[in-house]
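# Residue-level structure breakdown
Chain by chain, the residues:
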Amino acid sequence: MSDHVVLHVKGRVLVGPEDVRDELWAVDGRITYTRPSGDALTVEGWALPGLVDAHCHVGLDQHGPVDDVTSEKQALTDRDAGTLLIRDAGSPSDTRWIDDREDLPKIIRAGRHIARTRRYIRNYAHEIEPPELVAYVAREARRGDGWVKLVGDWLDRDAGDLGACWPRAEVEAAIAEAHRLGARVTAHCFAEDSLRDLVEAGIDCIEHATGLTEETIPLFAERGVAIVPTLVNIATFPRLAEGGEKKFPRWSAHMRRLYERRYDTVRSAYDAGVPVFVGTDAGGSLAHGLVAAEVEELVKAGIPPLEALSATAWAARAWLGRPSLEEGAPADLVVYEQDPRADVRVLAAPRRVIVNGRVIG
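A brief structural summary. Everything quoted here is computed from the prediction, not taken from an experiment.

The secondary structure content of the protein amounts to 12 helices and 20 strands. In summary, the protein has a C-alpha radius of gyration of 20 Å against a globular reference of 21 Å for 361 residues, a match within 12%. Based on the C-alpha atoms only, the size of the protein along its principal axes is roughly 70 × 40 × 35 Å. The buried share among the 361 residues of the protein stands at 56%. Across the protein, every contact between residues at least 6 apart in sequence was considered, and the portion connecting residues at least 24 apart equals 66%. Surface accessibility of the protein: about 14600 Å² in total, with carbon and sulfur atoms responsible for 47%. Side-chain charges in the protein split into 44 positive and 58 negative, and the spacing between the mean points of these groups amounts to 2 Å.

Okay, the packing of helix α2 (residues 133–143) against helix α3 (residues 168–180) next. Running from N to C, α2 and α3 point in directions that differ by 25 degrees, and their axes come no closer than 9 Å. Here α2 lies roughly parallel to α3, going by the angle between them. Of the two elements, α2 crosses α3, and the hand of that crossing is right-handed. Facing α2, whose interface residues are Leu133, Val134, Val137, Ala138 and Arg142, α3 presents Glu170, Val171, Ala173, Ala174, Glu177, Ala178 and Arg180. Its residues assigned to classes, the contact of α2 with α3 shows eight nonpolar, no polar and four charged.

Following the criterion strictly, the structure yields 31 salt bridges and no others. Here Arg21 and Asp19 are joined by a salt bridge, their closest N and O atoms 3.2 Å apart. You can call Arg21 partly exposed: its relative accessible area is 32%. Residue Asp19 is classed as partly exposed on the basis of its relative accessible area of 33%. A salt bridge links Glu102 to Arg358; the shortest N-O distance between them is 2.6 Å.

Turning to the side chain of Arg87, a few remarks are in order. Tracing the chain through its elements places Arg87 in strand β8 (residues 83–88). Looking at Arg87, its side chain comes within polar contact range of the main-chain oxygen of Ala54, at 2.6 Å. Leave out the neighbours within four places in its chain, and Arg87 touches Asp53, Ala54, His55, Cys56, Ile108, Trp147, Thr186, Cys205, Glu207, Val228, Trp319 and Leu320.

So, on to the nonpolar core. Membership of the largest hydrophobic core comes to 78 residues, with the highest contact counts inside it found for Ile203, Ile206, Phe220 and Leu298. Beyond its immediate stretch of four places on either side in the chain, Ile203 contacts Ile175, Val185, Thr186, Ala187, Leu198 and Val225. Formed by 17 residues, the second largest nonpolar core is a distinct cluster that contains Leu24, Ala26, Tyr33 and Leu333.

A surface patch of positive charge is lined by Arg118, Arg122, Arg157 and Lys247. Given the relative accessible area of 67%, Arg122 is considered exposed.

Burial in helix α9 (residues 262–272) covers these residues: Arg262, Thr265, Val266 and Ala269. The buried residues of α9 all sit within an arc of 95 degrees when viewed along its axis, so they share a single face. Against the buried residues of α9 lie α5 (217–223), β17 (226–228), α6 (231–234), α8 (249–260) and α10 (291–300). Within two residues after α9, Gly273 carries a phi angle of roughly 95 degrees, on the positive side.

A few words now on the sheet that holds strand β2 (residues 20–27). Paired through their backbone hydrogen bonds, the strands of a sheet run either parallel or antiparallel. Pairing within the open sheet is mixed, and its seven strands lie in the order β3-β2-β1-β4-β18-β19-β20. In this open sheet, the two edge strands, each paired with only one partner strand, are β3 (30–32) and β20 (358–360). In this sheet, neighbouring strand axes are inclined to one another by 40 degrees on average, regardless of whether the strands run parallel or antiparallel. Two elements, strand β1 (residues 6–14) and strand β4 (residues 41–49), share seven bridges in a ladder whose sense is parallel. The partner of Lys10 across the bridge, within β4, is Glu44.

Looking now at the side chain of His57. Locating His57 in the fold gives a position in the loop between β5 (51–56) and β6 (60–61). According to the relative accessible area criterion, His57 is buried, its value standing at 3%. With near-sequence residues (within four places) excluded, His57 lies in contact with Gln74, Asp88, Ala89, Gly90, His113, Lys149, Asp281, Ala282, Gly283 and His288.

Our next topic: the state of the cysteines. A covalent bond bridging the sulfur atoms of two cysteines is what the word disulfide describes. Per the stated rule, a full pass over the model turns up zero disulfides. Cysteine Cys189 is unpaired, with the sulfur of Cys165 as its nearest cysteine sulfur at 8.4 Å. Note on Cys189: relative accessible area 0%, which makes it buried.

A few words now on the pairing of strand β18 (residues 333–336). The side-chain alternation of β18 yields two buried faces, one formed by Leu333 and Val335 and the other by Val334 and Tyr336. Here four bridges tie β4 to β18, and the two strands are oriented antiparallel to one another. When the bridges of β18 are listed, Trp46 appears paired with Tyr336.

Another point: the sheet that holds β5. Reading across from one edge, β5-β8-β9 is the order of the three strands in this open sheet, with parallel pairing throughout. Each edge of the sheet is formed by a strand with only one pairing partner; in this case those strands are β5 and β9 (106–109). On average, adjacent strands in this sheet sit at an angle of 20 degrees to one another, irrespective of strand direction. Here four bridges tie β8 to β9, and the two strands are oriented parallel to one another. Within the sheet, the bridge partner assigned to Asp88 lies in β9 and is Arg109.

Conventions we followed
Residues numbered from 1 in each chain as written. Predicted model: local features only at pLDDT ≥ 70, side-chain atom pairs only at ≥ 80, totals over all residues. Heavy atoms only, no water. Helix = DSSP H or I, 4+ residues; strand = E, 2+ residues; numbered from the N terminus. Rg over C-alpha atoms; globule rule 2.2 N^0.38 Å. Buried < 20%, exposed > 50% of the residue type's maximum accessible area, 1.4 Å probe, protein only. Contact = heavy atoms within 4.5 Å. Areas by Shrake-Rupley, 256 points an atom, 1.4 Å probe, with all protein chains shown as cover. Lys, Arg positive; Asp, Glu negative; His and termini not counted. Charge placed at Lys NZ, Arg CZ, Asp CG, Glu CD. Axes fitted to C-alpha atoms, helices over the stretch in contact; angles between N-to-C directions. Parallel < 35°, antiparallel > 145°, perpendicular 65-115°, else oblique. Left-handed = near helix turned anticlockwise from the far one by under 90°. Nonpolar A, V, L, I, M, F, W, Y, C, P; charged D, E, K, R; others polar. Salt bridge = Lys/Arg side-chain N within 4 Å of Asp/Glu carboxyl O. Polar contact = N/O pair within 3.5 Å; in protein donor to acceptor, adjacent residues only side chain to side chain. Core = buried A, V, L, I, M, F, W, Y, C linked by side-chain atoms within 4.5 Å. Patch = residues over 30% accessible without salt bridge, like charges linked within 9 Å, V, L, I, M, F, W, Y side chains within 5 Å. Arc of directions from axis to C-beta. Pairing = 2+ DSSP bridges. Disulfide = S-S within 2.5 Å.

Structure follows, in structure tokens:
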């Protein structure tokens, strides 16, 4: 990692989708558009604010919590792919030490998942019953960085299919408590039947959202509830369905239907005005560093390339309350050989990654 105090980025600086400037400087880790005195290390190319993965899990793998060495590798993989801001959508590990590292992505934590007893992946979540929901939401709201993560639906073994996890009254009370404490709430939802209750209860975001329909999409748009589709994760549904075919045939058929209409679902939500953001669901069974692949998936779904790019850049940062490339913002940016607005596949090959004003690598 370079220790130069002053960095000069020149070429095309994408301050916003249409706000393109010729250069910026990073002085003591902060962005300025006023030329400083003295020498500077120069980096040339097309510069974007550090990419956002709004659904990522650092400190978690398919078996549960991981050690700090593994967490560091996960964060480094994301960083090297250009992801410099992560909304960690649930982790059982304490990753606060990452905040002290100037070479790692910045993380906005949602605490630990909150799930119904035996209704989620083992070792991931607090597994509780509805009367405990408000207390656990309050606990995670205090532990997190302004977000709480619920598991809204999961396989109900008795029914043999996906089913909602929480009664409406408990969800309303829990979301109200999170909002009282200054936290937003998101929920994992694959299927259809939990969505209306969650949105009408005041939820702020839904992860995956494969169960959106023509009945619920207008409700999301009206309430301004965002979705993070995680299409690189939804791509695993056929394999999951095959694995559960014998034991849970209804669930398997349901998962296949959700998969088959995934692009139509996302495009319909976007067309209706539902905010859509980039998230990969890295850290469970998925690899880290897939942010460029997720942007490409959104384009395949029919979202215009510039909007898909904004969903991991300017719009995503604004939604999470973090700056992009404004004067005085942390100098977290990614530099590319070509204009990523013209072809989002450019995101897969960062030329330089800059964290807190230092060139990485």
